[in-house]
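Coordinate analysis (summary)
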Amino acid sequence: MTELSLHETRARSSISRLLIVTPLLVGVILLAAAVGWTLVSGDLGFFGFLLMLIGGWAVAFAFVNATLEMRPPALGAIVHVGVAAALTALMYWAIEHGGEPLAALPEAARATVVVLQIAAAPALGWIWLGLISRITDLFSRHDSSRRPAPVAPTWERDASGDGSVVEFAAVAVRMREITAWIVAMVLVGGLGGVAVLIALDDVFVQAGPKIAVIVVGLVIALPAYLLFLAVVRRRTVACRVAFGNDELRIRVASAVHVIPFRQIERLVWRTASDYARVEVRGAQADLSLVVGLAKARAGRTSELPALPRRVFRRFELAGLDVERGRRDDIVTFCRRR
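Model, not experiment: these values are computed from the prediction. (Residues numbered from 1 in each chain as written. Predicted model: local features only at pLDDT ≥ 70, side-chain atom pairs only at ≥ 80, totals over all residues. Heavy atoms only, no water.)

**Details of the overall build of the chain**
For the chain, the count of helices and strands is nine helices and 10 strands. Evaluated residue by residue, the chain yields a buried proportion of 41% over its 337 residues. Of the contacts formed within the chain by residues at least 6 apart in sequence, a portion of 66% connects residues at least 24 apart. (Helix = DSSP H or I, 4+ residues; strand = E, 2+ residues; numbered from the N terminus. Buried < 20%, exposed > 50% of the residue type's maximum accessible area, 1.4 Å probe, protein only. Contact = heavy atoms within 4.5 Å.)

Spelled out as C-alpha cells, the structure:
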C-alpha cells in the first residue's frame with residue numbers, strides 16, 4: 001500500500017473509529033472487567049456497578065451511531081427499532097421470569113448474565129433516546145408540509161467577487177470533545193442513579209425493578225441528555241465560510257481566518273446529520289465547526305450546502321486529493337504527499 005492510499009484510508013476511518021469502533025471496544029472491555037470484578041469480589045459493589053453502567057452506555061452509543069451511518073437510512077431505522085423492541089422485551093422477560101433460569105446457571109455464566117442485565121438499563125435508555133430523536137425528526141418533516149419549511153443555508157456570491165460564501169450557525173468544538181462531554185454526562189448520571197437507588201432502596205424493593213429503571217431514565221437520563229443539548233447550543237456562534245479563487249476565508253464570531261488553498265492540510269465538509277460540520281487544518285489554523293448540534297438561524301436548518309463544483313477543481317490544482325466516505329453527505333480533502 002502506498003503512502004498516499006494509507007493516508008486516505010486512515011482519514012476515511014477516523015470518524016468510524018471515534019464514534020463507533022472505539023466506544024464499542026471500550027464498552028466491551030468495561031463489561032468484561034465488570035464480570036471479572038463480580039466473580040472476584042463475590043458481589044456487585046459500587047465499582048462494578050459503575051463499570052456496568054458506563055460499559056452498557058458505550059455499547060449503545062456505538063450501536064446508535066452505527067444505525068445512523070447505515071445506508072439507505074430506512075435500513076438504519078428498521079435495525080434501530082428492531083433492536084430497541086427486542087431488547088425491551090428481553091429485559092422485561094428477564095425481570096419477570098428470569099429468576100429461576102438464572103439460578104440454574106454456573107457461577108461464571110450467572111455473573112455474566114447479571115452484568116448484562118444491569119448494563120442493559122443505560123443501554124436501553126440511550127437506544128430509546130436515539131429512537132425518540134428519529135421520531136421527532138419525522139414529525140418535524142411532517143409539520144413542514146403545513147408551514148414554510150426551513151431550508152439549508154445556500155451559497156451566495158462573495159462581495160469580493162472572487163468566489164462563493166455561505167453563512168450558518170455552528171458550535172466551535174471538536175468531535176472528540178463532544179464524545180468526552182457525553183462520557184462525563186453518563187458518568188455523572190450513573191453516579192446520580194446510584195445515589196437515587198441507594199436513597200430510595202426500600203421504595204424500589206417494594207415497587208420492583210421495572211419502576212427503578214423507569215425512574216432512573218426519567219429522572220436522570222432524559223434530563224441529562226436535554227441539559228447536554230442546551231449547554232452545547234448555548235455555544236452557538238455565527239459563522240461564514242468563503243471559497244475564493246486561491247484562499248479559504250472563515251469567520252467564527254468576530255475572528256477571521258484566511259487560509260491559502262496551498263497551505264490546507266486537511267478539510268472535512270459534511271452537509272447533514274447531527275455531525276454536519278466543517279473541519280479545516282492548515283496555515284496555523286485548526287478549526288472544527290459543528291453545525292448539526294447548533295441552534296439554527298430562523299428559517300434555516302442545521303445543515304451545510306454541498307460544495308460548489310469549482311472548489312473541487314481549485315483544490316486539485318492546489319495539490320489536495322479528494323476522498324468520499326460511504327455516505328454521500330461527507331467529503332474529505334487531504335494534502336497530496
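Moving on from the model shown.
**Here we look at empty space enclosed by the protein**
Following the criterion strictly, the structure yields three cavities of 30 Å³ or more and no others. Roughly 50 Å³ of internal volume is contained in the largest cavity. Around the largest cavity, the lining residues are Pro153, Glu167, Phe168, Ala169, Val291, Ala296, Arg297, Arg300, Thr301, Ser302 and Glu303. In the lining of the largest cavity, the residues fall into five nonpolar, two polar and four charged. (1 Å grid on protein atoms, 1.4 Å probe; cavity = no way out; pocket = protein on both sides within 12 Å on 5 of 7 lines; lining within 4 Å. Points joined across faces, edges and corners; volume = space filled by probe spheres on them. Nonpolar A, V, L, I, M, F, W, Y, C, P; charged D, E, K, R; others polar.)

**Some words on the packing of aromatic side chains**
On inspection of all chains with the given rule, the structure shows 10 aromatic pairs. Among the aromatic residues, those joined into a ring-pair cluster are Trp155, Phe243, Phe261, Trp269, Phe312, Phe315 and Phe333. (Phe/Tyr/Trp six-rings, centres within 6.5 Å; stacked < 30°, edge-to-face > 60°.)

**Re the side chain of Thr38**
Within the secondary structure, Thr38 is located in helix 1 (residues 3-41). Of note is the side chain of Thr38, whose polar atom sits 2.8 Å from the backbone oxygen of Ala34. (Polar contact = N/O pair within 3.5 Å; in protein donor to acceptor, adjacent residues only side chain to side chain.)

**Some words on a nonpolar patch on the surface**
Taken together, Val21, Leu25 and Ile29 make up a surface patch of nonpolar side chains, about 290 Å² in accessible area. With respect to the helices and strands, Leu25 occurs in helix 1. (Patch = residues over 30% accessible without salt bridge, like charges linked within 9 Å, V, L, I, M, F, W, Y side chains within 5 Å. Areas by Shrake-Rupley, 256 points an atom, 1.4 Å probe, with all protein chains shown as cover. Salt bridge = Lys/Arg side-chain N within 4 Å of Asp/Glu carboxyl O.)

**Examining the pairing of strand 8 (residues 285-290)**
Judged by how many residues are buried, strand 8 sits mostly within the fold: five of six residues are covered. Examined bridge by bridge, strand 2 (residues 164-172) and strand 8 share two bridges and lie antiparallel to one another. Bridge pairing in strand 8 links Val171 to Val290. Sheet analysis places strand 7 (residues 277-282) next to strand 8, joined by six bridges and oriented antiparallel. Looking across to strand 8, one finds that Glu279 is bridged to Ser288. Connecting the antiparallel pair strand 7 and strand 8 is a turn made up of two residues, with Ala283 showing a positive phi of about 55°. (Pairing = 2+ DSSP bridges.)

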